[in-house]
Amino acid sequence: MAVPYETTGRTQQKSRTRQALVDATREMLADGSTPQVEDAAERAGVSRTTAYRYFPNQRSLLMAAHPQISPDTLLGPDAPQEPRARLDAFMAAFSRYNMDWEPQLRTSLRLSLDEKGGSGGGRPALRQGRAIGWIEDALAPLRDTHPDVDLHALAVAIRSATGIETLIWLLDIAGQTHAEAAETVRRTAQALLAAALTT
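Below is a short write-up of the structure. (Residues numbered from 1 in each chain as written. Predicted model: local features only at pLDDT ≥ 70, side-chain atom pairs only at ≥ 80, totals over all residues. Heavy atoms only, no water.)

### Structural notes on the overall build of the protein chain
When helices and strands are counted, the protein chain shows 12 helices and zero strands. Ordered by position from N to C terminus, the α and β elements of the protein chain give α-α-α-α-α-α-α-α-α-α-α-α. Restricting the contact set of the protein chain to residue pairs at least 6 apart, pairs at least 24 apart contribute 63%. Accessible surface, the protein chain: about 10800 Å² in total, of which carbon and sulfur atoms supply 52%. (Helix = DSSP H or I, 4+ residues; strand = E, 2+ residues; numbered from the N terminus. Contact = heavy atoms within 4.5 Å. Areas by Shrake-Rupley, 256 points an atom, 1.4 Å probe, with all protein chains shown as cover.)

And the structure:
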């Protein structure tokens, strides 16, 4: 979200400076660190004073570095319509998304669990649950073939067992490789789908 400083004067230059700070933050997250505003400023070659005009605190900086894609679907136009094959295609795309953005998603999760991120009664700004909509889209053919299945409830169940939280557990605790973790969440999603279709 732009702050007033960015909306006046040399807006194109300011936009480039902001993007440089975001890019630097993403690079540092990918390197395994959680940067403060001054760290991003140094990496981007921007003065601290200037950096704080764009991002007054670490949280605003990390929110800006969070993945900004929000499509309605992760599936292409040629995605299969058969439910199991379609879910497999989605899980492959979802695993790629989680792994491509893993450092940023780990930071997002950490912020959502801290005291500031988890207070206030609503969902933290970084945890908006868009993946449930993606899963519902992947399950859409069931509306015609299995109208008795509660798609939303099934999507929530699949999300709870296949998202970034699960990926972190599989990698850090279970000791799986990324490929093994992707296969685990794929099989879990298929098991949940199979259970829903037989109840």
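Now that the structure has been shown, we can carry on.
### Quick notes on the packing of helix H10 (residues 151–162) against helix H12 (residues 178–198)
Look at H10 against H12: their axes get within 9 Å of each other, and the N-to-C directions meet at 155 degrees. Compared by their axis directions, H10 and H12 come out roughly antiparallel. Note on packing geometry: the crossing formed by H10 with H12 is right-handed. Facing H10, whose interface residues are Leu154, Ala157, Ile158, Ala161 and Thr162, H12 presents Val185, Thr188, Ala189, Leu192, Leu193 and Ala196. (Axes fitted to C-alpha atoms, helices over the stretch in contact; angles between N-to-C directions. Parallel < 35°, antiparallel > 145°, perpendicular 65-115°, else oblique. Left-handed = near helix turned anticlockwise from the far one by under 90°.)

### So, empty space enclosed by the protein
As enumerated under the stated definition, the model contains two cavities of 30 Å³ or more in all. Size it by volume and the largest cavity reaches roughly 60 Å³. Ser95, Asn98, Met99, Thr162, Gly163, Leu167 and Val185 are the residues that line the largest cavity. With three residues, helix H5 (residues 83–100) is the single largest residue contributor to the lining of the largest cavity. Residue composition of the lining of the largest cavity, grouped by class: three nonpolar, four polar and no charged. (1 Å grid on protein atoms, 1.4 Å probe; cavity = no way out; pocket = protein on both sides within 12 Å on 5 of 7 lines; lining within 4 Å. Points joined across faces, edges and corners; volume = space filled by probe spheres on them. Nonpolar A, V, L, I, M, F, W, Y, C, P; charged D, E, K, R; others polar.)

### Quick notes on the nonpolar core
In this structure, Leu87, Phe90, Met91, Phe94, Leu139, Leu154 and Ile158 are the most contacted members of the largest nonpolar core, which totals 34 residues. Listing elements by their share of this core, those giving two or more residues are H5, helix H6 (102–113), helix H8 (130–138), H10, helix H11 (164–172) and H12. In contact with Ile158, other than residues within four places in its own chain, are Leu87, Met91, Ile135, Leu139, Ala189 and Leu192. The next biggest cluster of nonpolar side chains, apart from the first, holds 13 residues, and it includes Val22, Val37, Ala40 and Leu61. (Core = buried A, V, L, I, M, F, W, Y, C linked by side-chain atoms within 4.5 Å. Buried < 20%, exposed > 50% of the residue type's maximum accessible area, 1.4 Å probe, protein only.)

### A look at the side chain of Gln190
Along the chain, the position of Gln190 falls in helix H12. The buried category is assigned to Gln190, whose relative accessible area is 14%. Once residues lying within four places of it in the same chain are set aside, the contact partners of Gln190 are Arg84, Leu87 and Asp88.

### A word on the packing of H5 against H10
Each pair of packed helices gets described by two things: the angle between the helix axes and the distance between those axes. Running from N to C, H5 and H10 cross one another at 40 degrees; their axes reach a closest spacing of 12 Å. Considering their axes alone, H5 and H10 lie oblique with respect to each other. Classified by chirality, the crossing of H10 by H5 is right-handed. Residue-level contacts link Leu87, Met91, Phe94 and Asn98 of H5 to Ile158, Arg159 and Thr162 of H10. Here the contact of H5 with H10 is composed, by residue class, of four nonpolar, two polar and one charged.

### Remarks on the pattern of salt bridges
Throughout the structure, instances matching the rule amount to eight salt bridges. Here Asp172 makes a salt bridge to Arg106, at a shortest N to O gap of 2.9 Å. One end of the pair, Asp172, is in helix H11; the other, Arg106, is in helix H6, with 66 residues separating them in the sequence. (Salt bridge = Lys/Arg side-chain N within 4 Å of Asp/Glu carboxyl O.)

### A closer look at helix H2 (residues 37–44)
Every buried residue of H2 is listed here: Val37, Ala40 and Ala41. Buried residues in H2, looked at end-on, bunch into an arc of 105 degrees, giving them a common side. With its phi angle positive at about 75 degrees, Gly45 sits one or two positions after the end of H2. (Arc of directions from axis to C-beta.)

### Comments concerning the environment of Ser108
Following the sequence through the fold, Ser108 ends up in helix H6. Separated by 43 residues in the primary sequence, Ser108 and Ala65 have C-alpha atoms spaced 9.4 Å apart.

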